[in-house]
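Residues per chain, in single letters:
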Amino acid sequence: MTDLSPREIVSELDRHIVGQRDAKRAVAIALRNRWRRLQLQGHLREEVQPKNILMIGPTGVGKTEISRRLAKLANAPFLKVEATKFTEVGYVGRDVEQIVRDLVEVAIGLTREQKRKDVQAKAHMAAEERVLTALVGATASPATRESFRKKLRDGDMDDKEIEIEVAASGPAAMEIPGMPGQVGMISLGEMFKGLGGQKKTRRVTVKDSYEQLIADESDKLLDQESLVAEAVRTVENAGIVFLDEIDKICAREGRAGDVSREGVQRDLLPLIEGTTVATKHGPVKTDHILFIASGAFHVAKPSDLLPELQGRLPIRVELNALTREDFVRILDDTEASLVKQYVALLATENVTLAFTPDGIDALADVAVEVNSTVENIGARRLQTVMERVLDEISFTAADMGGQTVTVDGAYVRKYVGDLAKNADLSRFIL
Ligand SMILES: Nc1ncnc2c1ncn2[C@@H]1O[C@H](COP(=O)(O)OP(=O)(O)OP(=O)(O)O)[C@@H](O)[C@H]1O
């Protein structure tokens with residue numbers, strides 16, 4: 001849990017997200033309120049409910065991004081769910097509880113990552129021993145082992161190939177047939193734990209082996225039970241659920257399919273009001289999970305939501321459509337802006353990409369034009385435009401080592417200028 005003040009949280013968010021001051025303020029306050037709640041003692045702590053947020057704004061203007069960055073800042077487990085997913089055929093009411101189960105899995109991953117850092121030094125030492133054994137064999141004399149240790153530490157062994165045995169990883173999970181809900185997902189790793197875990201032998205270079213071995217050794221040092229218990233606590237106190245497209249589950253008069261939409265709202269309500277969800281890691285209380293609901297509300301209005309749901313989303317913030325100037329800043333000013341990303345990517349090929357200010361202006365202009373003629377997808381348009389403009393360089397960069405490419409206004413117009421003017425073509429390409 002971060003102890004940053006709301007002002008500090010907003011300025012952290014400012015590093016990545018352009019504009020949208022109200023939304024940043026709202027999430028900053030929500031986060032600080034959680035910290036405040038945890039400072040309370042006794043029964044009052046249980047009484048304080050999170051002030052859930054309803055973000056209203058067109059697509060691609062930063063609603064998800066703000067929430068995701070906030071979660072990252074707070075090191076909080078985060079899950080994005082499309083509310084419309086629950087209106088699909090085959091879904092039943094209890095399925096919304098899967099949100100909480102999935103959030104627990106996210107939290108376990110996060111907690112494990114943090115804990116691994118705590119035991120890193122010990123795990124590193126154990127990993128070194130395993131690399132040495134793989135190099136010289138288990139029966140080598142201490143002297144041989146030590147001489148190899150020196151070589152290893154000097155990096156002389158980096159490219160040598162060894163065989164290592166690590167736990168089979170990956171999202172090896174399966175649903176137990178006929179037992180959805182309560183049991184949910186069971187990881188294969190865990191099923192086989194009693195049998196000594198699933199192991200896999202891999203051939204890797206010494207250099208590449210470390211990461212896997214350290215992860216493997218850290219897991220051995222971690223106490224799984226307390227790790228899971230901590231993850232559940234984190235979900236309960238710090239979890240953030242982003243419910244997208246909430247406007248699409250508004251029931252409107254006289255429309256077919258409204259019953260199921262209102263039904264989904266009813267199903268979601270207990271989660272947001274606070275309930276206990278059974279998971280395979282034990283019961284999880286949802287009372288203090290922060291819900292950020294979001295939607296464009298072009299057709300439906302927030303007042304079309306069930307009154308109880310409206311009451312549970314007391315903080316309303318509107319996000320503005322992005323302007324051309326916002327696009328220019330998103331392209332160049334943010335910390336990991338698209339321009340910075342492409343420059344860095346091509347630098348790996350020894351190609352220097354130089355964007356001039358009028359090149360960036362031209363990119364923003366094209367994005368604005370296509371958004372207004374084809375479909376407004378907000379800042380996402382910048383990615384499609386950028387990809388198209390740099391398509392040729394991306395393809396040939398590997399043979400262009402040492403060259404500098406200047407992306408100015410003329411360059412941008414050369415590659416996408418005509419496309420942008422032709423709405424029919426843009427529809428497919430930009
Ligand atoms: N204000 C902004 N500043 C910086 N980047 C932005 C901004 N708005 C959007 N982006 C970028 O555009 C992309 C899409 O934004 P985001 O996922 O936040 O959209 P959204 O508003 O949640 O839309 P939707 O409701 O359709 O999911 C992201 O990659 C994000 O980085």
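What you see is a predicted model; the values in this text were computed from it and never measured.

Another point: helix H16 (residues 380-389). Among all positions of H16, only Arg 381, Leu 382, Val 385, Met 386 and Val 389 are buried. The buried residues of H16 occupy an angular sector of 130° when the element is viewed end-on, so they sit on one face.

On to the site of the ligand, then. The immediate surroundings of the ligand are formed by 18 residues, with Thr 59, Gly 62, Thr 64, Glu 65 and Ala 379 found nearest. Per-element accounting of the shell around the ligand gives the leading share, 3 residues, to helix H4 (residues 63-74). Of the residues assigned to the shell around the ligand, the class counts are 5 nonpolar, 9 polar and 4 charged. Composition of the shell around the ligand by domain shows at least three residues from each of domain 1 (6-109 + 231-318) and domain 3 (324-429).

Attention shifts here to the nonpolar core. Core analysis: the biggest nonpolar cluster contains 89 residues, and Leu 363 and Leu 382 have the highest contact counts within it. At 8 residues, helix H15 (residues 357-373) tops the list of elements feeding residues into this core. Counting the residues that make up this core, at least three belong to each of domain 1 (6-109 + 231-318) and domain 3 (324-429).

It is worth spelling out the sheet that holds strand E11 (residues 315-318) at this point. Ordered in space as E2-E7-E10-E1-E11, the 5 strands form an open sheet in which the pairing is parallel. Only two strands of the sheet have a single neighbouring strand rather than two, namely strand E2 (78-82) and E11. The sheet shows a mean angle of 20° between the axes of neighbouring strands, direction not considered. In the sheet, strand E7 (residues 240-244) pairs with strand E10 (residues 290-295) via 4 bridges, with the strands oriented parallel. Residue pairing in the sheet places Val 241 in a bridge with Phe 291 of E10. Contacting strand E1 (53-56), E2, E7 and E10, H4 runs over the sheet at an angle of about 170° to E7. Set on the sheet, helix H5 (residues 98-118) makes contact with E2 and E7; between it and E2 the angle comes to about 150°.

Most of E7 sits out of view: 5 of its 5 residues are buried. Of the two faces of E7, both are covered, the one formed by Ile 240, Phe 242 and Asp 244 as well as the one formed by Val 241 and Leu 243. Pairing geometry for E2 and E7, over 5 bridges, is parallel. Looking at E7, one finds that Glu 82 is bridged to Asp 244.

A few words now on the packing of helix H1 (residues 6-14) against helix H2 (residues 21-39). The contact between H1 and H2 brings their axes to 9 Å, and the two run at 130°. Between H1 and H2, the crossing angle belongs to the class labelled oblique. Judged by the twist between their axes, the crossing of H1 over H2 is right-handed. Contacts from Pro 6, Ile 9, Val 10 and Leu 13 of H1 reach H2 at Lys 24, Arg 25, Ala 28, Ile 29, Leu 31 and Arg 32.

Sequence positions flagged by UniProt for "binding site: ATP" (unreviewed entry) are, in local numbering, Val 18, Gly 60, Val 61, Gly 62, Lys 63, Thr 64, Glu 65, Asp 244, Glu 308 and Arg 380. The greatest C-alpha distance among the annotated residues, which extend across 363 residues, is 33.5 Å, indicating that they are dispersed rather than converging on a single site. Structurally, Val 18 can be placed in the loop between H1 and H2. Filtering out sequence-adjacent residues up to four positions away, Val 18 remains in contact with Asp 326, Arg 329, Ile 330, Asp 333 and Thr 334. Inspection of the secondary structure puts Gly 60 in the loop between E1 and H4. Filtering out sequence-adjacent residues up to four positions away, Gly 60 remains in contact with Ile 377, Gly 378, Ala 379 and Arg 380.

Turning to the environment of Lys 115, a few remarks are in order. Mapped onto the secondary structure, Lys 115 falls in helix H5. Residue classification places Lys 115 among the partly exposed residues on the basis of 19 C-beta atoms within 10 Å. Considered as a pair, Lys 115 and Ser 218 are 103 residues apart in the sequence and their alpha carbons are 8.2 Å apart. Once you skip the residues sitting within four places of it in the chain, Lys 115 turns out to touch Leu 222 and Leu 227.

Rules of the game
- Residues numbered from 1 in each chain as written.
- Predicted model: local features only at pLDDT ≥ 70, side-chain atom pairs only at ≥ 80, totals over all residues.
- Buried ≥ 20, exposed ≤ 12 C-beta atoms within 10 Å, placed from the backbone.
- Helix = DSSP H or I, 4+ residues; strand = E, 2+ residues; numbered from the N terminus.
- Arc of directions from axis to C-beta.
- Near = placed C-beta within 6 Å.
- Nonpolar A, V, L, I, M, F, W, Y, C, P; charged D, E, K, R; others polar.
- Domains from an automatic or database assignment.
- Core = buried A, V, L, I, M, F, W, Y, C linked by C-beta atoms within 7 Å.
- Pairing = 2+ DSSP bridges.
- Axes fitted to C-alpha atoms, helices over the stretch in contact; angles between N-to-C directions.
- Contact = placed C-beta atoms within 7 Å.
- Parallel < 35°, antiparallel > 145°, perpendicular 65-115°, else oblique.
- Left-handed = near helix turned anticlockwise from the far one by under 90°.
- UniProt positions renumbered as here; feature names shortened; annotations may be inferred.

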